[in-house]
Structure formats: C-alpha cells, structure tokens
Amino acid sequence: MIFDKSSTRTRVSFETAMVEGGGAAIFLSPRDTQLGRGEPIADSARVLSRMCDAIMVRTFSHEVAETLAKYSTVPVVNGLTDSFHPCQLLADMQTYFEHRGDIKGRKVAWVGDGNNMCNSYINAAQQFGFALSIATPPGYEPSGLGNISSAVDVEYSNDPKRAVVNANLVVTDVWASMGQEDEAERRHDLFHQFQVSEALLSEARSDVLFMHCLPAHRGQEVEAAVLDRPDSVVWDEAGNRLHAQKALLEMLIVGSAA
Ligand code: CP
Ligand code: NVA
C-alpha cells in the first residue's frame, strides 16, 4: 500500500481486509521508501509486482496510478488520486443498496466541490444508472463533466437547491481536498452557500439519505446536526469500506477460483 497522502479509513480498511482474509499488508510512505528519493514509478511497479499479489496506491497525480498499473504485473487499486476515489464509491453504493435497495433510476445530488469524489460519482452514475445533479460554485465544476456520454443523466448547475430537490441521496465532501491546503481560506469564502444544512436537506425527498466520505468538517461543508440525523448513514458508509474492499481484493487476487 503506497500512501503519498494521509489516510485513516483507506489504510485501516485495506490492512484489516488483508489480515482477515488470511494475508498481510505493507504500508509504504515516501518518507521511508526509495519512491520518496526519486526511484521511478515504473521501476517500483516492476519490483513490487515480484513480491506482492496486489498494489494499492493513494497519490496526487492520477498519472502516477496509471503508470503503476502500466508497469505492474499484479492488480493496481486506486486508493484515491487528485482525480478519482473509486473505492469510496464501492462503499457508498453498497450502503445505498443496504438502506434503500437498487439505486437505478434514483436521483443523487452532489453539492460542493467538483473534486475526485464528484468525478467518481459521475462514473458511478454511468455504471449504476442513477440520475446525478451536481451543484458547485462557478469555476469548480468537475473535470469529468467533459467525458460524459449523452446516455448518462448528469445535470450541472451552481444552485444547491436545484440539485437537492427530489433527491434520494445527497452527498458532499470537503471544500479543500488534500493538496489544496493553500486554497482553503479562499474556498471557504466561495463555498459557504454550498453547505449541506438541515434546511437544504428539507428540499429533498422525505426518505433521503445523506453521505460524506469523511473526514467531515462540521460547520463547513456540512451542518453538524446533519451528520447526526437518522438519515445520515456516514458511519455505515465508512464501515462498508472494509466489506467492499474485501470483495474487491478477493475478486482481484483470488478471482474465479474463490
Ligand atoms: N474516505 C476516506 O478515504 O478516508 P481516509 O482519507 O481516512 O482514507
Ligand atoms: N476529496 C477528499 C477526499 C478525502 C477522502 C480529498 O481528496 O482530500
């Protein structure tokens, strides 16, 4: 597990999944590996492939994960890049199915920054067939909007209320992601109208669920009371990281022999 960025959930869930599955996981940070001293990603991929059954990477540029995958001969899992966070979506989709059944045809509202999580929601809308309404401040739209096929029901605006009206699921995330710490103050000024508050949630369906990949900043992207409502499923969502990734690892490592 290569971690160029901080993590609590991703690290602990992957490590626990491997241990409970009868394997082991090794935590690698740039501070104490040759990756941090400039050994090329491609060389590292070839070396790790000879020693490990799978590689998980959390890093900045998505290209790093792509290069690892290109040169690795074992599966490479994206544990978050600046562009995507697909493992979180496995847990989010599992959590929705557990609480409300099939998400196909339902409406999901994304409110806040058009970040890595938002791009992964765009991919999930395509894969699972839900309608996605995204609201971000102007200039913070997700990069993934450019690659959507016309068959996918994705709407974009700068209006959080429009996104949330009639939604079955409302999702948000931090206003400044890892690596954007320098922009945090400016973003807080620009994003305050995009807080998921109880008032905003009242525009959604009465059986709405609220999700946040965590860590959350109470009083910024989410009103503190929202996290504690019965329709907030953020703790199940976090716990499902373990179960979803167990399934992912079993599929990737053991495959059809399982
Ligand atoms: N949601 C998530 O990926 O959390 P961590 O940053 O703690 O891994
Ligand atoms: N968008 C956030 C997600 C953290 C799990 C980040 O990239 O920092």
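Quick note: structure is the one above.
Residues numbered from 1 in each chain as written. Chains lettered and ligands numbered in written order. Predicted model: local features only at pLDDT ≥ 70, side-chain atom pairs only at ≥ 80, totals over all residues. Heavy atoms only, no water.

Our focus in this paragraph is the site of ligand 2. Close to ligand 2 lie Leu 80, Asn 115, Asn 116, Asp 173, Val 174, Ser 177, Met 178, Cys 213 and Leu 214, which account for all nearby residues. In the model, an oxygen atom of ligand 2 is placed 2.8 Å from a nitrogen or oxygen of the Asn 116 side chain. Taking Ser 177, its side chain carries an N or O atom lying 2.8 Å from a nitrogen atom of ligand 2. Here ligand 2 has 270 Å² of accessible area as a free molecule, and 94% of this is covered by the chains. Class assignment of the residues belonging to the shell around ligand 2 gives a composition of 5 nonpolar, 3 polar and 1 charged. (Near = heavy atom within 4 Å. Polar contact = N/O pair within 3.5 Å; in protein donor to acceptor, adjacent residues only side chain to side chain. Areas by Shrake-Rupley, 256 points an atom, 1.4 Å probe, with all protein chains shown as cover. Nonpolar A, V, L, I, M, F, W, Y, C, P; charged D, E, K, R; others polar.)

Considering the arrangement of structural elements, one finds Asn 240 in helix α10 (residues 234–254). On the accessibility criterion, Asn 240 (5% relative accessible area) is buried. A polar contact of 3.3 Å, which involves the side chain of Asn 240, links it to the side chain of Gln 94. (Helix = DSSP H or I, 4+ residues; strand = E, 2+ residues; numbered from the N terminus. Buried < 20%, exposed > 50% of the residue type's maximum accessible area, 1.4 Å probe, protein only.)

Quick look at the site of ligand 1 now. Close to ligand 1 lie Ser 7, Thr 8, Arg 9, Thr 10, Arg 58, His 85, Gln 88, Cys 213, Leu 214 and Arg 241. At 2.6 Å from an oxygen atom of ligand 1 is found a side-chain nitrogen or oxygen belonging to Ser 7. Taking Thr 8, its main chain carries an N or O atom lying 2.7 Å from an oxygen atom of ligand 1. Among the residues forming the shell around ligand 1, the class breakdown is 2 nonpolar, 5 polar and 3 charged.

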